[in-house]
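Understanding the architecture of this molecule
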Amino acid sequence: MAAKTSVIGFPRIGKNRELKFASEKYFKAEISAEELEKTAEELRAYGWKKMSEAGITFIPSNDFSFYDNMLDTAFLLGAIPERYKALGLSPLETYFAAAHGYQGGAGDVKALPMKKWFNTNYHYIVPELTDDMNITVSEDNKALSEFNEAKSLGIKTVSSVIGPYTFLHLATYTGEKKAEDFAADFVNAYVQLTKYLSAAGAEWISFAEPALVFDVTDDEKSLFVSIYKKLIAKLHSDAKIKISLQTYFGDIRDVYKEVCQLGFDAIGLDFVEGKKSFELAESSFPENTLLLAGLVNGKNIWRADYQKKNEVLAKLSEKIEKDNIVIGTSCSLLHVPYTTSSEEKLEQNILEHFAYAEEKIIELKELASGDTSAFEANKKLFTGQRVEKDESVQKALSEITEADFVRKPDFAEREKIQHEAFKLPLFPTTTIGSFPQTKEVRANRAAYKKGSITREEYVKFNQKKITECIKLQEELGLDVLVHGEFERNDMVEYFGSQLKGYIFTQNAWVQSYGTRCVKPPVIWGDVSRNKPMTVEWSVYAQSQTKKIMKGMLTGPVTILNWSFPREDISLKEQTHQIALAIREEVLDLEKNGIKIIQIDEAALREKLPLRHSDWHTEYLDWAIPAFRLVHSKVQPQTQIHTHMCYSEFNDIIRDIDAMDADVITFEASRADLKILDALKEANFRTEVGPGVYDIHSARVPSVEEITEALKKMLGKVQKEKLWVNPDCGLKTRGEEETVASLKNLVAAAKALRAEA
Ligand code: GLN
Ligand code: ZN
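I will try to describe carefully the structure that is included in this document. Given the structure is predicted, the values throughout are model-derived calculations rather than measurements.

Considerations on the coordination of the zinc ion (ligand 2)
In the first shell of the zinc ion (ligand 2), the protein supplies His 643 (NE2), Cys 645 (SG) and Cys 728 (SG), at 2.1 to 2.2 Å from the metal. One chain supplies every donor for the zinc ion (ligand 2), spaced along it as H-x1-C-x82-C. Taken as a pair, Cys 645 in the loop between strand E22 (639–644) and helix H25 (653–657) and Cys 728 in the loop between helix H27 (703–714) and helix H28 (735–755) lie far apart in primary sequence, 83 residues in all. Both residues of the pair, Cys 645 and Cys 728, count as buried.

Points about the nonpolar core
Formed by 251 residues in total, the largest nonpolar core has its most connected members in Trp 117, Leu 129, Phe 224, Tyr 228 and Phe 354. If near-sequence neighbours (up to four positions away) are discounted, Phe 224 is found in contact with Tyr 165, Leu 212, Leu 245, Val 255, Val 259 and Leu 262. Formed by 7 residues, the second largest nonpolar core is a distinct cluster that contains Val 158, Trp 204, Leu 290 and Val 326.

Some words on the pattern of salt bridges
Taken as a whole, this structure holds 50 salt bridges when the rule is applied. Taking the shortest distance from any N to any O, the salt bridge between Glu 82 and Lys 85 comes out at 3.9 Å. One end of the pair is Glu 82 and the other is Lys 85, both in helix H4 (residues 82–85) and 3 residues apart, which spans about a single turn. For Asp 305, the salt bridge is made with Lys 308, and the minimal N-O distance between the two is 4.0 Å. Connected through shared salt-bridge partners, Arg 407, Arg 414, Asp 660, Asp 662 and Arg 685 make up one network.

Section: the packing of aromatic side chains
Aromatic ring pairs are reported here in terms of the distance separating the ring centres and the angle at which the planes meet. Within the structure shown, the criterion is met by 33 aromatic pairs. Their ring planes at 65° and their centres at 5.7 Å tell us that Tyr 190 and Phe 207 sit as a pair that is edge-to-face. Note that Tyr 190 is positioned in helix H8 (residues 179–199) and Phe 207 in strand E10 (residues 204–208), a separation of 17 residues in sequence. Since its relative accessible area comes to 1%, Tyr 190 is described here as buried. Accessibility expressed as a relative area gives 0% for Phe 207, which makes it buried. Members of the aromatic cluster, joined through ring pairs, are Tyr 165, Phe 167, Tyr 173, Phe 182, Phe 186, Tyr 190, Phe 207, Phe 224, Tyr 228 and Phe 264.

Side note on unusual backbone geometry
In this structure, the amide linkage connecting Lys 408 to the following residue, Pro 409, adopts the cis form with an omega of -10°. Tracing the sequence through the fold places Pro 409 in the loop between helix H16 (391–398) and helix H17 (411–422). Of note, Phe 118 is a non-glycine position whose phi angle comes to about 50°, a positive value. Assignment of secondary structure puts Phe 118 in the loop between strand E5 (114–116) and strand E6 (123–125). Phi is positive for Asn 288, which is not a glycine, with a value near 50°. Mapped onto the elements of the fold, Asn 288 is located in the loop between helix H11 (277–283) and strand E13 (290–296). A relative accessible area of 68% means that Asn 288 is categorised as exposed.

So, how was this worked out
Residues numbered from 1 in each chain as written. Chains lettered and ligands numbered in written order. Predicted model: local features only at pLDDT ≥ 70, side-chain atom pairs only at ≥ 80, totals over all residues. Heavy atoms only, no water. Donors = N, O, S within 2.8 Å, 3.2 Å for Na, K, Ca; no water. Helix = DSSP H or I, 4+ residues; strand = E, 2+ residues; numbered from the N terminus. Buried < 20%, exposed > 50% of the residue type's maximum accessible area, 1.4 Å probe, protein only. Core = buried A, V, L, I, M, F, W, Y, C linked by side-chain atoms within 4.5 Å. Contact = heavy atoms within 4.5 Å. Salt bridge = Lys/Arg side-chain N within 4 Å of Asp/Glu carboxyl O. Phe/Tyr/Trp six-rings, centres within 6.5 Å; stacked < 30°, edge-to-face > 60°.

Right, here's the structure in full:
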C-alpha cells in the first residue's frame, strides 16, 4: 500500500496570477467583491483538485488568502484594531484597509506593519493586540467556509490555521497585556473554531507553529506547553477531532521533548531545513502518532532526489512504525511557482530538473507509491552533470585575497572627501531608485521582449522616460537623482537575466506580499558578467542633468537570496561568484563618470538564520564580506550607498556598519523608527536615510508628518549624517501620489534646513 502524503499549503496567486489581477481590478473598482470572490473560489478549487487527483492524503484548506494568513487569522479571531472597524466598511474592505491602508470617504488609516515571514521572501501582516479586544471566533469564518467549499467539491481537507503560539509570538501589543494574558482567550477561540469544523465533518485540524523553530526561551516554552495542554484536553473531550502540529523552516530542538508528550495526533517536522529533525525523530517519537515528514523541499525548485529521500524514510521506519510516516512537503508550497508546464521556453534538459508546486505533488505521490519506473527516471536526473561549470569563475574566486574585502581609506576619511567633493546641502534628499512603473513602461518592456519593437525603439522610449523622470526630480528639488529603473521589472530578475550562469524562467511567479509577485531567476551554473548591465542607462541619465545621478545595482546577497540557488555548492560560494560579477559593474560605472553608486541589499536580513547561534557562522561571516568584495576597489570619492528593506536590524547593527557603505537607506516608517535608538547606541558611523514615509500604501504623507519623523530622527542621528528619502522604491506606486508625496518630502527637508 502506498504511504500517506501531506501538503502544508498550496500557492494561491493563480497559475497566471489571476488573484493578483482580479484584486488589482477590485481595488480600482473595476470589478465587484463578488467577482473577486469568484476568482478566489476557482483558485482554491484548482489546488484542491490537483492534490485530490494525485491522491494526497492530507489536503489543506484555509491556506488561501486574499492578502496574508496572519491577517486572516487576526480577522478569524476578532483581533481587528478598532480604527479599521471604525471605518464602517464591509468585512472585505476592512480587511484590505488593515492590509494596505485606507484613504477615502470613510477616513484615513495606515496599514498594519508588514514583516518578512521567517527566512522567506514572503511578508506577513503583523497583528496588533489591544487590551480590550474580544478574542472570539464566529460561525461565519474563513476556515469553516473553505472547509465546506472543498467538501462541496467532494474533497475532504485539513483546515490549516496559524497556531496560537506563533500568532501570539509574532503579534505586537499596544497595552498592558502580554502574550500570556491573552492565552486563555485564545485557547477558547481555537476550541470554538475547532468545534465548528468538527461539526461540519472535519476529522483533522492542523495548527501551524513555525515559531517553534526559533530559539525558544524557558518562558516561551511554558507558554507553548500551557496553551496546548489546555487546547488538546478540551479538543479531545469536546470536539471529536484529531490534532496535528505543523512546524517548518527548521527543527524544533528546544521544545521537541514537550511536543512529543503533549498528545498530538500528528507532528510535522521539516527534514529539509531542520538540521536536527532527523536526529530528534530518531531519538524518540510518540506511539500512535503520525510523523508528517517534510521531505520534499517547499522552497526550492529542484527535483527531489528520490533515492536520498527514501534512505531517510527507511532509517526513520527503523524507529517509527512505517504506517505512521507520512511523506510531506517541508513547508507550504506558497514559496514555489505553480507548474513547470507553464515554462514553454526552457529546454527540456534543464526543465526536467525542476519541480514546482504541481510537480512536487507528483513527487510526493511517486515517493509514496515507490513506483519503480518513476524511481528509475528520477535516478537518471542525478547521475552526470546537472549544472554549467566555468573554470574561469572558479579561478577568479581562488585568487581573492583579504585585501579584496577591505575598502581604503577608512570611513571617516572618505566621508570628509565626499562631503567636500559633492557639497550637498544638509539633509540631502533622494529616492531609492525606481519610479512608478506605468502601463506604458511595462508595455514597452513587453513589446521589446516579444520582438515587436526594435532595440532602438525600446531604448528610445526608456530614454524619454528617464529624461522626464529627471526633469520631475529637478522640479521637485531632489538633490541626488536616479534614472527611475524603467528597464527593470524585478531587480533580481533584471540582473539574473543578464548574468551568465543564470536561467531566466517565463512563469515562475512567487507571491511576495499581497498582490506583489516576484519571478526569481535560477542559478544554473557558475556566475559571471560578460557585458555591462546598467552602464548605458546610468551614463545616459547622467548626461541629462548637472545634479549627481546615482548608479543603481543590486548586491550579491540579495541577488542570491531572491534567486533559486543551486544545491550542489554552498551559498557562500554562489554569493562570492555574484559579488565578483557585480564588482565589475561597479568599476565600470565609476570609470564612466558615475559618482554615487547604490548597491541594494534589500534582502540581506531575510536569510538570517532563525536561530541566533547560527547568525554569524552560517551567514553573516560570509554575507557581509561579500558586500565589501563588491565595492572595495572604488576610489575614495566614489560614494557607495546601500538600501535595505526593513529596518529590522537592531540586533545586527554592527554587521550592517561593517558593510562599510558610505550611506544606507532603509525602511523605517512602518517600524515606528525604533531603529533610531539602536543606531545611536551602536555609534553607527554609516550615514543614514531612514525612510520618512511608507511606500507600500497609496496614501500621501503630509509635510507635518514627515517633519515630525525627521525631528525624531535628529534626536538620535547627527545632522551631518541624515539623508531624507522614502522607505523603498516607488515602482508600485501611482504617479500622482508619488509626486505629491515627494513634494512634501522635499518641503519638509527644506524647512528643516532653514531651522538647522
Ligand atoms: N532600487 C530598488 C527600487 O527602488 C530597490 C528595491 C527594493 O529595495 N526592494 O526599486
Ligand atoms: Zn526596499
